[in-house]
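As a plain string of letters, each chain reads:
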Amino acid sequence: TVRPKNEVEQKQLCAFGEYVAEILPKYIQQVQVTCFNELELLIHPDGIIPVLTFLRDHTNAQFKSLADLTAVDVPSRQYRFEIVYNLLSLRFSCRIRVKTYTDELTPVDSAVSVHKAANWYEREVWDMYGVFFANHPDLRRILTDYGFEGHPFRKDFPLSGYVEV
Amino acid sequence: MFMLFMQTTGLVGLAVAENPHERLRILYTKILGVLQNIPKEAAYRKYTEQIVNQRFNLVRTETDVQKLQDKLNSGHIEEVIVQAENELSLARKMIQWKPWEPLVEEPPSDQWRWPI
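Residues numbered from 1 in each chain as written. Chains lettered and ligands numbered in written order. Predicted model: local features only at pLDDT ≥ 70, side-chain atom pairs only at ≥ 80, totals over all residues. Heavy atoms only, no water.

Here we take up the overall build of chain B. Helix and strand counts for chain B stand at four helices and zero strands. Going residue by residue from the N terminus, the α and β elements of chain B occur as α-α-α-α. In chain B, which comprises 116 residues, the proportion classed as buried is 39%. Of the contacts made within chain B by residues no fewer than 6 positions apart, 65% connect residues no fewer than 24 positions apart. Within the structure as shown, chain B displays about 7500 Å² of accessible surface, and the carbon and sulfur contribution to it stands at 55%. (Helix = DSSP H or I, 4+ residues; strand = E, 2+ residues; numbered from the N terminus. Buried < 20%, exposed > 50% of the residue type's maximum accessible area, 1.4 Å probe, protein only. Contact = heavy atoms within 4.5 Å. Areas by Shrake-Rupley, 256 points an atom, 1.4 Å probe, with all protein chains shown as cover.)

What follows is about the interface of chain B and chain A. Counting from both sides, the interface comprises 35 residues of chain B and, opposite them, 35 residues of chain A. Here chain B meets chain A over a buried area of about 3000 Å², counting both sides, of which 58% is carbon and sulfur. Three residues, Trp97, Gln111 and Trp112 of chain B, lead the burial of chain B against chain A; their summed loss comes to 24% of the area buried on that side. There are three salt bridges connecting chain B and chain A. Residues Lys26 of chain A and Glu101 of chain B are paired through a salt bridge, measuring 3.3 Å at the closest nitrogen-oxygen approach. Remark: the boundary between chain B and chain A carries 17 residue pairs in polar contact (both at pLDDT 80 or more). (Buried area = accessible area lost by both parts, 1.4 Å probe. Salt bridge = Lys/Arg side-chain N within 4 Å of Asp/Glu carboxyl O. Polar contact = N/O pair within 3.5 Å; in protein donor to acceptor, adjacent residues only side chain to side chain.)

Inspection of every chain in the model, using the stated rule, returns 12 aromatic pairs over all chains. Taken together, Phe16, Tyr19 and Phe63 of chain A together with Tyr47 of chain B form an aromatic cluster joined through their ring pairs. A cation over an aromatic ring shows up here: Lys46 of chain B above the ring of Tyr47 of chain B, its NZ or CZ 5.5 Å from the ring centre. If you follow Arg60 of chain B out to its NZ or CZ, it ends over the ring of Phe56 of chain B, 4.0 Å from the centre. (Phe/Tyr/Trp six-rings, centres within 6.5 Å; stacked < 30°, edge-to-face > 60°. Lys NZ or Arg CZ within 6 Å of the ring centre and 35° of its normal.)

Residues and elements named next belong to chain A. With nine of nine residues buried, strand S4 (residues 81-89) is to be regarded as a mostly interior element. The two faces of S4 match: Phe81, Ile83, Tyr85, Leu87 and Ser89 on one face and Glu82, Val84, Asn86 and Leu88 on the other face are all buried. The sheet contact formed by strand S3 (residues 65-73) and S4 spans eight bridges and is antiparallel. By the bridge assignment, Leu69 is partnered in S4 with Tyr85. (Pairing = 2+ DSSP bridges.)

UniProt annotation of "domain: NADH:ubiquinone oxidoreductase 30kDa subunit" (unreviewed entry) refers to residues 43-162 of chain A when read in the numbering used here. The span residues 43-162 of chain A is 18% helical and 27% strand by assignment, and the distance between its end C-alpha atoms comes to 35 Å. (UniProt positions renumbered as here; feature names shortened; annotations may be inferred.)

Attention now goes to empty space enclosed by the protein. In total, this model carries one cavity of 30 Å³ or more according to the counting rule given. As for the largest cavity, its lining consists of Thr59 of chain A together with Tyr28, Ile31, Ile51, Val52, Arg55, Val80, Gln83, Ala84 and Glu87 of chain B. Where the lining of the largest cavity is concerned, the elements lending two or more residues are helix H1 (20-35), helix H2 (43-61) and helix H4 (77-97) of chain B. Per-element tally for the lining of the largest cavity: the top contributor is H4 of chain B, with four residues. Per-class residue counts for the lining of the largest cavity are six nonpolar, two polar and two charged. (1 Å grid on protein atoms, 1.4 Å probe; cavity = no way out; pocket = protein on both sides within 12 Å on 5 of 7 lines; lining within 4 Å. Points joined across faces, edges and corners; volume = space filled by probe spheres on them. Nonpolar A, V, L, I, M, F, W, Y, C, P; charged D, E, K, R; others polar.)

As a further point, take the pattern of salt bridges. Residue and element names in this part refer to chain B. Scanning the model with the defined rule gives 19 salt bridges over all chains in all. For the salt bridge of Glu85 with Arg23, the shortest nitrogen-to-oxygen distance reads 2.8 Å. Separated by 62 residues along the polypeptide, Glu85 in helix H4 and Arg23 in helix H1 bring together distant segments of the chain. Assessed through its relative accessible area of 35%, Arg23 is described here as partly exposed.

To continue, consider the environment of Leu27 of chain B. All names here are of chain B. Checked against the element boundaries, Leu27 lands in helix H1. For Leu27, a relative accessible area of 3% puts it in the buried group. Along the backbone, Leu27 and Val82 are 55 residues apart, and their C-alpha atoms lie at a distance of 10.0 Å. Among all residues touching Leu27, those that are not within four sequence positions of it are Ile81, Ala84, Glu85 and Leu88.

Following this line, the structure appears as structure tokens:
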């Protein structure tokens, strides 16, 4: 069986992606729609707060819900970490993905001022990858042990760690 | 047993708005005023003015609250008021951020390539 293609939804997502790219050309580097009808906005890291506030507050794009905040580690790139925000609009039943990039030492603006839900997600990204979030109210470890050194989800961290238990 | 003449929106934390037409009129005028500070060619100004004028006309012509809600097709009138307040705060922030300027910085060429 093959997944049925939903051309109408694809066209609507493409149109909305072009709409957002036309309004925010300063920060949006690329817009893509995957074959599974998922809209992705690729952002410059300076534009996290403007883009997230726009998506939350604008009438045509009421993405009030932050569903997920994660990071992806691709060590071969210059900016190895890719921060991913998944937003959901309850008014229009639509999802959107916003992606930014950073390296190990550059801090990224915290999304807590836009979405309160980002608090623990950003603590997890800090703990697991080592991405520092500026203006975060309380950035400390959340999943690793108290004296743990290292950032486990990085690709150069070994599977069974450095310390024998 | 007499029933108290009280309405609810049915939503937690949203009180019933008395005189929503007046409130919406004030908010939409404020938004249009703030949008004047944005350059005319900016796409944000164009589209937001379109939306706001559309809703403003509906608010002006339709005096019945229920029919206005149906025409706007955007949930309760209190939610429309909240949305207008959000749009106003967004317009004020947009003036500082100026997102209509050209791209800040191009990404490195391999940044968004997938598969790597």
